[in-house]
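Chain by chain, the residues:
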Amino acid sequence: MTAIRNIVILTGAGISAESGLATFRGPDGLWEGHRVEDVCTPEALARDPELVLRFYDARRAALATVQPNPAHRALARLDRAWPGELLIVTQNVDDLHERAGAKRLIHIHGELLSALCRACGARERFAGSMLDGPPCAACGQAGALRPDIVFFGEIPYRMDEIEDALLQADLFVSIGTSGAVYPAAGFVQIARTVGARTLELNLEPSAGSSLFEQANYGPASRIVPEWVERLLARPDLV
Ligand code: APR
């Protein structure tokens, strides 16, 4: 088999689960006690800004209590060591990939540690609380900052770059995502159209598992480091 050169890796909430961050679609169907549509839509923000801002303030504060796990660290190691193209596309809004050291990373659904100004459109690094309406660092408007999170119905970030990378990919790997939310759930199909090999690493088969040529099931903290070591040792095998 030909050696792999260009890799795209998609990650979801499952990669951060063992760090202590809740996934979205747990057994109770709730995210930290809320229905996703009550906190994760533009309509929710318009209807009850206090609830939404308080919810994301709490998620942001929780980042200080968690650490990257071996799966994040293994992907950062792969990013450092891999001589070909590599792109990690995460649906996660936590900062655990970058704290582990990953550099070639896109947050397709935004970031908890970023604010989006509804007055001027600026995106800025933000670590505090939005509830008390701090001013935008760019335009000075108070009370205009919202979480820089891509809510349902909004357009994900940097799709052009991601599609370009997928069209060049030799290998597409999906880690810790249920495959329930588009466009990310469709990346495997784009990769397949260009003949990329496809691999799913997840706790259990996802909604789209039949689309993957290969799969490994188990906790990310075990199966991701194992896969990274295998790939670095033998880049012609997946
Ligand atoms: N190791 C590997 N996979 C795991 C682990 C683990 N320790 N724990 C859970 N998983 C798997 C679950 O089996 C599930 O398939 O991770 C997946 C998590 O799925 P979701 O909770 O649906 O999260 P995700 O796919 O990231 O959600 C996508 O939905 O609400 C939106 O914008 C939000 O980015 C999010 C998007």
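Described below are features of the structure shown in this document. Since the model is a prediction, treat every value here as computed from it, not as a measurement.

The next subject is the site of the ligand. Ala13, Phe24, Arg25, Thr177 and Ser178 are the nearest of the 21 residues found near the ligand. Measuring from a nitrogen atom of the ligand, one finds a backbone N or O atom of Leu203 at 3.2 Å. Between Ala220 and the ligand, the recorded distance is 2.9 Å, taken from a backbone N or O atom to a nitrogen atom. For the ligand, the accessible surface in isolation is 740 Å², of which the surrounding protein chains cover 92%. Its atoms largely coinciding with the cavity grid, the ligand occupies the largest pocket. Considering only residue class, the shell around the ligand consists of eight nonpolar, 10 polar and three charged.

This next bit is on the sheet that holds strand β1 (residues 7-11). Strand order in this open sheet of six strands is β3-β2-β1-β7-β8-β9, and the pairing throughout is parallel. The strands lining the two open edges of the sheet, one partner per strand, are β3 (105-107) and β9 (214-217). Taking the axes of each pair of neighbouring strands and ignoring which way they run, one obtains an average angle of 15 degrees across the sheet. Summarising the sheet, strand β2 (residues 86-90) and β3 pair through three bridges and their orientation is parallel. Across the sheet, residue Thr90 finds its bridge partner in β3, namely His107.

Here the focus is the pairing of β1. Each regular strand displays side chains that alternate between the two surfaces of the sheet. Counting buried residues in β1 gives five out of five residues, a clear majority hidden from the surface. The alternating pattern of β1 places Ile7, Ile9 and Thr11 on one face and Val8 and Leu10 on the opposite face, and all of these are buried. In the sheet, β1 pairs with β2 via five bridges, with the strands oriented parallel. Residue Val8 lies in a different strand from β2, and its bridge partner there is Leu87.

Mapped onto the elements, Ala122 comes out in the loop between β4 (110-117) and β5 (123-125). Remark: the alpha-carbon pair of Ala122 and Ala138, spanning 16 residues in sequence, is separated by 6.6 Å. Leaving out residues up to four positions away in the same chain, Ala122 has contacts with Ala115, Leu116, Cys117 and Ala138.

This part takes up the pattern of salt bridges. For the structure on display, the rule yields 11 salt bridges. A salt bridge links Arg146 to Glu154, with the shortest nitrogen-to-oxygen separation between them at 2.8 Å. Glu154 gets classed as partly exposed once you look at its relative accessible area, which sits at 27%. Beyond isolated ion pairs, a larger network of salt bridges with shared partners links Arg35, Glu37 and Asp38.

The next point concerns the sheet that holds strand β6 (residues 145-149). Pairing in this open sheet of three strands is antiparallel, and the strands run β5-β4-β6 from one edge to the other. Edge positions in the open sheet fall to β5 and β6, since each of these has one partner strand only. Averaged over all pairs of adjacent strands, the angle between strand axes in this sheet comes to 45 degrees, irrespective of strand direction. Taken strand by strand, helix α4 (residues 49-62) contacts β4 and β6, and its axis lies near 55 degrees from that of β6.

Cut-offs and rules
Residues numbered from 1 in each chain as written. Predicted model: local features only at pLDDT ≥ 70, side-chain atom pairs only at ≥ 80, totals over all residues. Heavy atoms only, no water. Near = heavy atom within 4 Å. Polar contact = N/O pair within 3.5 Å; in protein donor to acceptor, adjacent residues only side chain to side chain. Areas by Shrake-Rupley, 256 points an atom, 1.4 Å probe, with all protein chains shown as cover. 1 Å grid on protein atoms, 1.4 Å probe; cavity = no way out; pocket = protein on both sides within 12 Å on 5 of 7 lines; lining within 4 Å. Sits in = over half its atoms within 2 Å of the grid points. Nonpolar A, V, L, I, M, F, W, Y, C, P; charged D, E, K, R; others polar. Pairing = 2+ DSSP bridges. Helix = DSSP H or I, 4+ residues; strand = E, 2+ residues; numbered from the N terminus. Axes fitted to C-alpha atoms, helices over the stretch in contact; angles between N-to-C directions. Buried < 20%, exposed > 50% of the residue type's maximum accessible area, 1.4 Å probe, protein only. Contact = heavy atoms within 4.5 Å. Salt bridge = Lys/Arg side-chain N within 4 Å of Asp/Glu carboxyl O.

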